[in-house]
Amino acid sequence: MNTSKKSGRTILISSISFVLFYIIAAIIYPYSFNPIHNFFCDLTQPTFGCENISNPAFFPSIIAILSMSIVMAFLFFSFANRSSGSPLSKALIKFFGAISSFCTFCIGIHDLHDQALILAIITGVIPMAIITSIILKNWKRYFPILGLITSALLTFYVSIFYLGFLAPFWPIMQKVTIILSLIWINLVVLKNNPHSSSF
């Protein structure tokens, strides 16, 4: 199996793992997890209350967020390796993409959540901007409408989150942006991997 197919398979398996372990964590969460009202990070609390009661959803939620980090890392590296961009753009995608992917995993570490979230967003902007420019130049191969909708919704969500607007919609927007991102990433991988040697 060549490298591109391995990357595509890893992205697909990690995407399925994220959904599976997210559902498991939500089901066994002791305080009735509601995706409309709760954030994903609520599942990653290791303990609850003054008595430090252990959270049974902690372990599967950490596996879920690790799976998402793997999806991101393989997307960035695969895209950089197979794109027609300059060596500098490829290096920037890999460097900042790796940092953003690692910071995404650190979001699951409760004490590091806020700092990791900010760093994941900041470092993720650079590779996503480069990838977006590549998509716009080769739009037929990247499901541009879904990709741009996902990027626009993610940008909107992050903006209103930090500006403090429309708070009741934050949890559901978090889930929608994650789901759309996974769908778009896997569609791009499935379309390009079997037949193409370069992005």
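Calculation notes
Residues numbered from 1 in each chain as written. Predicted model: local features only at pLDDT ≥ 70, side-chain atom pairs only at ≥ 80, totals over all residues. Heavy atoms only, no water. Helix = DSSP H or I, 4+ residues; strand = E, 2+ residues; numbered from the N terminus. Buried < 20%, exposed > 50% of the residue type's maximum accessible area, 1.4 Å probe, protein only. Contact = heavy atoms within 4.5 Å. Areas by Shrake-Rupley, 256 points an atom, 1.4 Å probe, with all protein chains shown as cover. Core = buried A, V, L, I, M, F, W, Y, C linked by side-chain atoms within 4.5 Å. Patch = residues over 30% accessible without salt bridge, like charges linked within 9 Å, V, L, I, M, F, W, Y side chains within 5 Å. Salt bridge = Lys/Arg side-chain N within 4 Å of Asp/Glu carboxyl O. Phe/Tyr/Trp six-rings, centres within 6.5 Å; stacked < 30°, edge-to-face > 60°. Axes fitted to C-alpha atoms, helices over the stretch in contact; angles between N-to-C directions. Parallel < 35°, antiparallel > 145°, perpendicular 65-115°, else oblique. Left-handed = near helix turned anticlockwise from the far one by under 90°. Nonpolar A, V, L, I, M, F, W, Y, C, P; charged D, E, K, R; others polar. pLDDT = per-residue confidence, 0-100.

> I'd like to hear about the overall build of the protein chain, residue by residue, with values.
If you tally the helices and strands in the protein chain, you get 6 helices and 2 strands. Its helices and strands taken in sequence order, the protein chain reads α-β-β-α-α-α-α-α from the N to the C terminus. The buried share of the protein chain, reckoned over its 199 residues, is 42%. The contacts in the protein chain between residues at least 6 apart in sequence include a share of 65% that link residues at least 24 apart. Working note: accessible area of the protein chain is about 10,800 Å², and carbon and sulfur atoms make up 74% of it.

> Requested: an account of unusual backbone geometry, with residues and values cited.
A negative phi angle is the norm for most residues apart from glycine, just as the trans form is the norm for most peptide bonds. For Ser 32, which is not a glycine, the phi torsion comes out positive at approximately 55 degrees. One can find Ser 32 in the loop between helix 1 (3-28) and strand 1 (47-48). Positive phi, normally seen in glycine, also occurs at Leu 166, with a value near 55 degrees. Structurally, the position occupied by Leu 166 is in the loop between helix 5 (144-163) and helix 6 (170-192).

> Break down the nonpolar core for me, citing the residues and quoting the values.
Counting 35 residues, the largest nonpolar core has Phe 40, Leu 43, Ile 93 and Ile 185 as the members making the most contacts within it. It is helix 2 (residues 58-82) that contributes the most residues to this core, 9 residues altogether. Counting residues in each nonpolar core, the second largest holds 6 residues, with Phe 39, Ile 160, Trp 170 and Met 173 among its members.

> I'd like a rundown of a nonpolar patch on the surface, residues and numbers included.
Together, Ile 36, Phe 156, Leu 163, Phe 165, Leu 166, Phe 169, Ile 172 and Val 176 line one region of the surface with nonpolar side chains, adding up to about 740 Å² of accessible area. Residue classification places Leu 163 among the exposed positions, given a relative accessible area of 57%.

> How would you explain the packing of aromatic side chains if you had to name every residue and give the values?
If you walk through the whole model with that rule in mind, you get 10 aromatic pairs. For the ring pair Tyr 29 and Phe 33, a centre distance of 5.8 Å and an interplane angle of 85 degrees mean the geometry is edge-to-face. Using a relative accessible area of 9% as the deciding quantity, one classes Tyr 29 as buried.

> Go over the packing of helix 4 (residues 113-137) against helix 5 with me, naming the residues and quoting the values.
How two helices sit against one another is set out by the angle between their axes and by the gap between those axes. Between helix 4 and helix 5, the shortest axis-to-axis distance is 12 Å and the interhelical angle comes to 155 degrees. With respect to their mutual orientation, helix 4 and helix 5 come out roughly antiparallel. Along this stretch, helix 4 crosses helix 5, giving a crossing that reads as left-handed. The residues of helix 5 that touch helix 4, namely those facing Leu 117, Ile 118, Ile 121, Thr 132, Ile 135 and Leu 136, are Pro 144, Leu 148, Val 158, Phe 161 and Tyr 162. In terms of residue class, the contact of helix 4 with helix 5 is built from 10 nonpolar, 1 polar and no charged.

> Mind laying out the confidence of the model for the protein chain, listing which residues take part and the relevant values?
The predicted coordinates of low-pLDDT regions are not to be read in fine detail. Looking at the protein chain, pLDDT values average 84 and 90% of them are 70 or higher. Here strand 1 stands out as the least confident element of the protein chain, with mean pLDDT 78; helix 3 (residues 87-106) is the most confident, with 93. Of the regions scoring below 50 in pLDDT, residues 195-199 engages in 14 contacts with residues more than four places distant in sequence or in other chains.

> Before we move on, could you go through the packing of helix 3 against helix 4 and cite the residues and values that matter?
Relative to each other, helix 3 and helix 4 sit at 150 degrees, their axes nearing to 8 Å. In terms of their interaxial angle, helix 3 and helix 4 are classed as roughly antiparallel. Note on packing geometry: the crossing formed by helix 3 with helix 4 is left-handed. The segment helix 3 lies against helix 4, with Ser 89, Leu 92, Ile 93, Phe 96, Gly 97, Ile 99, Ser 100, Cys 103, Thr 104 and Cys 106 engaging His 113, Ala 116, Leu 119, Ala 120, Thr 123, Gly 124, Ile 126, Pro 127, Ile 130, Ile 131 and Ile 134. In the contact of helix 3 with helix 4, the residues fall into 14 nonpolar, 7 polar and no charged.

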